[in-house]
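Geometric and topological summary
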Amino acid sequence: MHGTIDLEDATLEAARERAYATPLSEFDPGHPDLFKTDTFWPYFDRLRKEEPVHYCKDSMFGPYWSITKYNDIMDIETNHAVFSSASSLGGITIRDVAPDLRRESFIAMDQPRHSAQRKTVAPMFTPTHLDDLAINIRRRSAECLDHLPRGEVFDWVDKVSIELTTQMLAVLFDFPWEDRRKLTRWSDVATTLPGAGGLVATEDERQAELMECATYFARLWKERINQPPKSDLLSMMAHSDATRNMDPKNFLGNLILLIVGGNDTTRNTLSGSIYALSKYPEQYRKLRENPALIDSFVPEVIRWQTPLAHMRRTALADYEFRGRRIKKGDKVVMWYVSGNRDEDVIEQPYQFIIDRARPRTHISFGFGIHRCVGLRLAELQLKIIWEEILKRFDNIEVFEEPQRVYSSFIKGYETLPVRIAA
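The sections below set out a description of the structure shown in this document. Bear in mind the structure is a predicted one, so any value in this text is a computation, not a measurement.

Our focus in this paragraph is empty space enclosed by the protein. One simple way to see leftover space: roll a probe sized like a water molecule over the atoms. Enumeration over the complete set of coordinates arrives at two cavities of 30 Å³ or more. Size it by volume and the largest cavity reaches roughly 50 Å³. In this structure, the largest cavity is lined by Ile137, Arg140, Ser141, Leu164, Gln167, Met168, Gln381 and Ile385. Sorting the residues of the lining of the largest cavity by element identifies helix H6 (127–146), helix H7 (156–173) and helix H15 (375–392) as the ones contributing at least two each. Tallied by class, residues from the lining of the largest cavity come to four nonpolar, three polar and one charged. If you go around the second largest cavity, the residues you meet are Thr265, Thr266, Thr269, Ile302, Pro307, Phe365, Ala378 and Leu382. Breaking the lining of the second largest cavity down by element, the ones donating at least two residues are helix H11 (248–279) and H15. For the lining of the second largest cavity, the element with the highest residue contribution is H11, accounting for three residues.

Here we take up the sheet that holds strand S4 (residues 153–155). The three strands lie next to each other as S4-S12-S9, forming an open sheet whose pairing is antiparallel. Where the open sheet ends on each side, the last strands, each with one partner, are S4 and strand S9 (396–398). For this sheet, the mean angle separating the axes of adjacent strands, direction not counted, is 40°. One ladder, built from three bridges, connects S9 with strand S12 (residues 417–420); its direction is antiparallel. From the neighbouring strand, Glu397 faces S12, where its bridge partner is Arg419. Set on the sheet, H7 makes contact with S4, S9 and S12; between it and S4 the angle comes to about 45°.

The rules behind each value
- Residues numbered from 1 in each chain as written.
- Predicted model: local features only at pLDDT ≥ 70, side-chain atom pairs only at ≥ 80, totals over all residues.
- Heavy atoms only, no water.
- 1 Å grid on protein atoms, 1.4 Å probe; cavity = no way out; pocket = protein on both sides within 12 Å on 5 of 7 lines; lining within 4 Å.
- Points joined across faces, edges and corners; volume = space filled by probe spheres on them.
- Helix = DSSP H or I, 4+ residues; strand = E, 2+ residues; numbered from the N terminus.
- Nonpolar A, V, L, I, M, F, W, Y, C, P; charged D, E, K, R; others polar.
- Pairing = 2+ DSSP bridges.
- Axes fitted to C-alpha atoms, helices over the stretch in contact; angles between N-to-C directions.
- Contact = heavy atoms within 4.5 Å.

Printed below as a string of structure tokens:
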């Protein structure tokens, strides 16, 4: 990389000074600016050491609690009696969804309905089905990589990360192939923060596009419900008792969950894998010399990248946690991105080490009943794509720092300029 590392170090150093000069009572670690500039790290470092359960009394998202230690996040994740995921209370992100726009999905739902709806799509991710998908993933990955330009700079995010994850989504939904980039657009629109110069300027614009998504899928749903059951996600939902009669809001809620879950996470981890190896060339060398390390490289990338920075819960009752008084109705944000850098649980958490002893010790997929339903597929995709990359290219050179997403929920990349030697 061309001279960006020094600049990056200087930026991080300045952020560290700010983080340690700011009183903890004024901390707002969830501000999207910190994520856009990749300068949030020292804020969470300080919180883990000095105030692991922290209350931010004022932010663009209102007041919220931050849970920053790995084991504390596990405790909140598994305490469903006190900490709710329900969309009716505001949902699973730091940003509250307006009451009239709240849509249930199985991730934003408590027991027992959560498990009933989740079980509907679980067959997609059984070992037998994943074996079938693997053949498809390998063919498409090979095709995509064979068409990449050589000797010129191109955007890895668009040409590889978005393209391959969008193809996969189209396969999972059996979605019209020529329209597959609509899935990317809907995923981005669903998670973006509306604003001037953004993907959408206003909340109304966002809702209009999401209604387009609902209308498009409703047409496909009618086709599936009148056909014998097939092995795509839409058909599975159309033919299951738990999801057959979802109201339109629940239908769109689950669609968005599956689109974002299947798109953003894998896409940003795939971009993150190229970026990580460019920062740690000795690890890249290790991987090229021993491709069998892909098995531990994949979970390490997922930890190091942490494609979703947080999940949020809402307190159903007053509750004392680690000496702090959380009140009923309070917003509680579990920072996966901080838990994955917790020195008490992960050795050398800031280092990218592709042959870690326990690479699956990470919290990127969540924990407990809401643990990511597609995590095996995400790992499989990354594994196959990297097997195919290593067969073809000696080195993928990152040309300049990536542009990052303005979001403290999706931890991702808008662009990542790379070059493959001719």
